[in-house]
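Spelled out, the chains give:
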Amino acid sequence: MKKRIRLGVCFCAVVLCAAGCEKSDNYKIMEASRNQTLPIYESNDEELDGEKNALKTLKDVYTSGYEAEEWKVEGVDEPAGILCRQEDILIVDRASHSVTAADGSGKVLQKIGREGNGAGEFRDPTAITEYGGNVYVLDEGNQRVQIFDENMDYVDEIGLKDIKLSDPGYVPGMLAVNASGVYIAGLSSDHSVADRYDQEGREEIGKNFLGTICSYQEQIYLINSVVRTYDKKSDSFGSASSGPEWLFTAEGPELVEQCSLPQGLFIADFVAEDRGIACISVSGYSVFRIGWNGEYQETVAKINGLQDEEYPKISVNAQGDYFIAMPEAGKIFRCHKGQE
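Notes on the structure in this doc start here. Quantities reported herein were computed from a predicted structural model and do not represent experimental measurements.

Further remarks concern the overall build of the protein. Helix and strand content of the protein: two helices and 27 strands. The dimensions of the protein, computed from C-alpha atoms along their principal axes, are 95 × 50 × 35 Å. Relative to its 340 residues, the protein shows a buried fraction of 51%. Looking at the protein alone, contacts between residues at least 24 apart form 47% of all its contacts between residues at least 6 apart. If you average the places of the 33 positive and of the 57 negative side-chain charges in the protein, the two averages end up 11 Å apart.

The next thing to look at is the sheet that holds strand β1 (residues 41–42). Within the open sheet, the three strands sit side by side as β1-β17-β18. Their pairing is mixed. Here the strands that pair on one side only, and so sit at the sheet edges, are β1 and β18 (236–240). Here five bridges tie strand β17 (residues 227–231) to β18, and the two strands are oriented antiparallel to one another. Pairing of Asp231 across the sheet is with Ser236, part of β18.

Further remarks concern the pattern of salt bridges. Oppositely charged side chains are able to pair whenever their charged atoms sit close together. Inspection of the entire model under this criterion finds 19 salt bridges. We note a salt bridge from Arg85 to Asp88, for which the minimum N-O separation is 2.9 Å. Note on accessibility: Arg85 and Asp88 belong to one class, buried. Linking Glu298 and Arg289 is a salt bridge whose minimum nitrogen-to-oxygen distance equals 2.2 Å. Pair check on accessibility: Glu298 and Arg289 agree, each one buried. One connected set of salt bridges, linked through shared partners, spans Glu69, Asp321 and Arg334.

This next bit is on the packing of aromatic side chains. For the structure shown, the criterion picks out 10 aromatic pairs. Measuring from ring centre to ring centre gives 6.0 Å for Phe122 and Phe148, while their planes differ by 45°; the resulting arrangement is tilted. Taken together, the positions of Phe122 in the loop between β6 (108–112) and β7 (125–131) and Phe148 in strand β9 (residues 144–148) put the pair 26 residues apart, joining distant regions of the chain. For Phe122, a relative accessible area of 0% corresponds to the buried category. Of the residues examined, Phe148 reaches a relative accessible area of 1% and is grouped as buried. Ring pairs connect the aromatic residues Tyr27, Tyr230 and Phe237, which therefore count as one cluster.

Let us look at the sheet that holds strand β22 (residues 276–281). Here we have four strands laid out as an open sheet, ordered β21-β22-β23-β24, and antiparallel in their pairing. Across the chains shown, the open sheet's two edge strands, defined by having one partner strand only, are β21 (267–273) and β24 (296–302). The sheet shows a mean angle of 20° between the axes of neighbouring strands, taken without regard to direction. Here β21 runs beside β22; their pairing, made up of six bridges, is antiparallel. Across the sheet, residue Phe270 finds its bridge partner in β22, namely Cys279.

Inspection of the secondary structure puts Arg289 in strand β23 (residues 286–290). Within the structure, Arg289 has its side chain in polar contact with the side chain of Tyr322 (distance 2.5 Å). Other than its neighbours up to four places away in sequence, Arg289 contacts Ser64, Tyr66, Glu273, Arg275, Ile277, Ala278, Glu295, Tyr296, Gln297, Glu298, Val300 and Tyr322.

Below, the discussion takes up the nonpolar core. Within the largest apolar cluster, 26 residues are counted, with the highest numbers of intra-cluster contacts made by Tyr183, Phe209, Ile213, Leu222 and Leu255. Looking at which element gives the most residues to this core, the answer is strand β19 (residues 245–251), with three residues. Once you skip the residues sitting within four places of it in the chain, Leu222 turns out to touch Ala194, Phe209, Thr212, Ile213, Trp246, Leu247, Phe248, Thr249, Ala250, Leu255 and Phe270.

Quick look at the environment of Gln258 now. Within the secondary structure layout, Gln258 lies in strand β20 (residues 254–261). When the C-alpha atoms of Gln258 and Trp292 are compared, they prove to be 8.3 Å apart, with 34 residues separating the residues in sequence. Apart from the residues within four sequence positions on either side, Gln258 is in contact with Leu247, Phe248 and Thr249. At a separation of 3.0 Å, a polar atom in the side chain of Gln258 contacts the side chain of Thr249.

About the thresholds
Residues numbered from 1 in each chain as written. Predicted model: local features only at pLDDT ≥ 70, side-chain atom pairs only at ≥ 80, totals over all residues. Heavy atoms only, no water. Helix = DSSP H or I, 4+ residues; strand = E, 2+ residues; numbered from the N terminus. Buried < 20%, exposed > 50% of the residue type's maximum accessible area, 1.4 Å probe, protein only. Contact = heavy atoms within 4.5 Å. Lys, Arg positive; Asp, Glu negative; His and termini not counted. Charge placed at Lys NZ, Arg CZ, Asp CG, Glu CD. Pairing = 2+ DSSP bridges. Salt bridge = Lys/Arg side-chain N within 4 Å of Asp/Glu carboxyl O. Phe/Tyr/Trp six-rings, centres within 6.5 Å; stacked < 30°, edge-to-face > 60°. Axes fitted to C-alpha atoms, helices over the stretch in contact; angles between N-to-C directions. Polar contact = N/O pair within 3.5 Å; in protein donor to acceptor, adjacent residues only side chain to side chain. Core = buried A, V, L, I, M, F, W, Y, C linked by side-chain atoms within 4.5 Å.

Note that every value here comes from positions in space, so none of it alone points to a role or purpose.
So, in structure tokens, the structure goes:
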């Protein structure tokens, strides 16, 4: 009888051990990602060690002599997107649900839009870009991209899938366009992909991608601002800005790595140019220039307040001046070369 009881106890111990060792669905997702272009890191992974942050050892080099100054445009209180064109600069204002065109001095030339859901109306617009002579505005509150001609007359729109139904915290904040479609990206651990829209619908780009995008010479470039993480204790996903960052191109639904970037910069937006990329580092509250090989080249400017921004935007004009829109601070900064 005693022997039977002992066997029963041993059997229960084995069952409890097996149950305790069973891997959750989230853990299996993390494990499966290890061979993907963008893996999910365990929250205690040594790759997320803050000591690996490039800002720990980066020594600012000011090669080009840029200076930063606040650039004011009357009536723009929450600049959420900015686009430098040949003759003007377009600013998306989230506060007034409109787009303002200004000249280089900040003088208002034109203002379009108001709050609403009709043609040329907006709700919380978050980004702006151009392609093929048209201007594209990400009308986040209305879940669409509106298209205007070069004179800002309404042309068409592209309806977006309402991802907020499955992920209430998702904000589509980044926009890029080329011949293959309209690309949207945002920061949400529950929707960790970019989306490409064309006439046939929506296609997800880059599994586990959380970051920013831009178009350059017909190519879509992407930088992961953060990496996805998995916490075993809570069995949940999150993100970390201290992890590796890469420059990718979009090839169909896949990301193709072009180069690794200095780790831990938390690159929130960037523009691509012949000499490399000019990017906004939230962690470093700076605009950095990085070469196409991924190496740091110079610090364009330091801008206090960038560390408090989630979706700052950058654009460059024909003269090489950079304009940085900071919606949380309600400010725009112009980085230009100082007097020789």
